[in-house]
Amino acid sequence: MSFGFKHGIPADADLVFDVRFLPNPFYIDELKYMTGNDKGVQEYVMGFPEAGQFMDKLEDMLRFLIPNYIKEGKYQLVVAIGCTGGKHRSVTLSNELYRRMKDKGNYGLTISHRDVK
């Protein structure tokens, strides 16, 4: 799930990751009114090496955690990725995480973007 910190952390989040360390597309005039569902924002955010490094580390951690949570009887895990407003960076990275994880294991993954209207 993507979200914006300015709207509060999702109450049902089990794991929360803050991606406000990445440059904010909101301050780029041509990207300001787009979202992380748009190619221009995705290219901007993922164009920073730190975005790919973060995704590699997050994917590796989740591949370790998910089977262990299942082993302990947890059958739902809400991973929340947040940025300032919940429209650019968090959406881009949530989409990328979903893309990377959707075919890895039979986990029934879903994706949502809480603050994209």
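Residues numbered from 1 in each chain as written. Predicted model: local features only at pLDDT ≥ 70, side-chain atom pairs only at ≥ 80, totals over all residues. Heavy atoms only, no water.

(A) Representation of the nonpolar core in the model. Among the nonpolar cores identified, the biggest contains 20 residues, and Val 19, Phe 54, Leu 58, Leu 62, Leu 93 and Leu 97 are the most heavily contacted of them. The set of elements that each furnish at least two residues to this core consists of β2 (15–18), α1 (39–46), α2 (49–71), β3 (79–83) and α3 (89–101). Among the elements that make up this core, the one with the highest residue count is α2 (7 residues). (Core = buried A, V, L, I, M, F, W, Y, C linked by side-chain atoms within 4.5 Å. Buried < 20%, exposed > 50% of the residue type's maximum accessible area, 1.4 Å probe, protein only. Helix = DSSP H or I, 4+ residues; strand = E, 2+ residues; numbered from the N terminus.)

(B) Summary view of the sheet that holds strand β1 (residues 2–4). Across the sheet, 3 strands lie side by side as β1-β3-β2; this open sheet has parallel pairing. The outermost strands of the open sheet, each flanked by one partner alone, are β1 and β2. Between one strand axis and the next, the sheet turns through 30° on average, direction left out of account. Two strands pair when backbone bridges link them, and β1 and β3 are joined in this way by 3 bridges, in the parallel orientation. Of the residues in β3, the one forming a bridge with Gly 4 is Cys 83. Here α2 sits on the sheet and contacts β2 and β3; the angle it forms with β2, its principal contact strand, is near 175°. (Pairing = 2+ DSSP bridges. Axes fitted to C-alpha atoms, helices over the stretch in contact; angles between N-to-C directions. Contact = heavy atoms within 4.5 Å.)

(C) Region of the structure containing the packing of α2 against α3. Contact pair α2 / α3: the axes reach a minimum separation of 10 Å and the direction vectors enclose 50°. Judged on the interaxial angle alone, α3 and α2 are oblique. Of the two possible hands of crossing, α2 and α3 adopt the one that is right-handed. Across from Ala 51, Gly 52, Phe 54, Met 55, Asp 56, Leu 58, Glu 59, Leu 62, Arg 63 and Ile 66 in α2, the residues of α3 making contact are Leu 93, Glu 96, Leu 97, Arg 100 and Met 101. Across the contact of α2 with α3, the residue classes break down as 9 nonpolar, 1 polar and 5 charged. (Parallel < 35°, antiparallel > 145°, perpendicular 65-115°, else oblique. Left-handed = near helix turned anticlockwise from the far one by under 90°. Nonpolar A, V, L, I, M, F, W, Y, C, P; charged D, E, K, R; others polar.)

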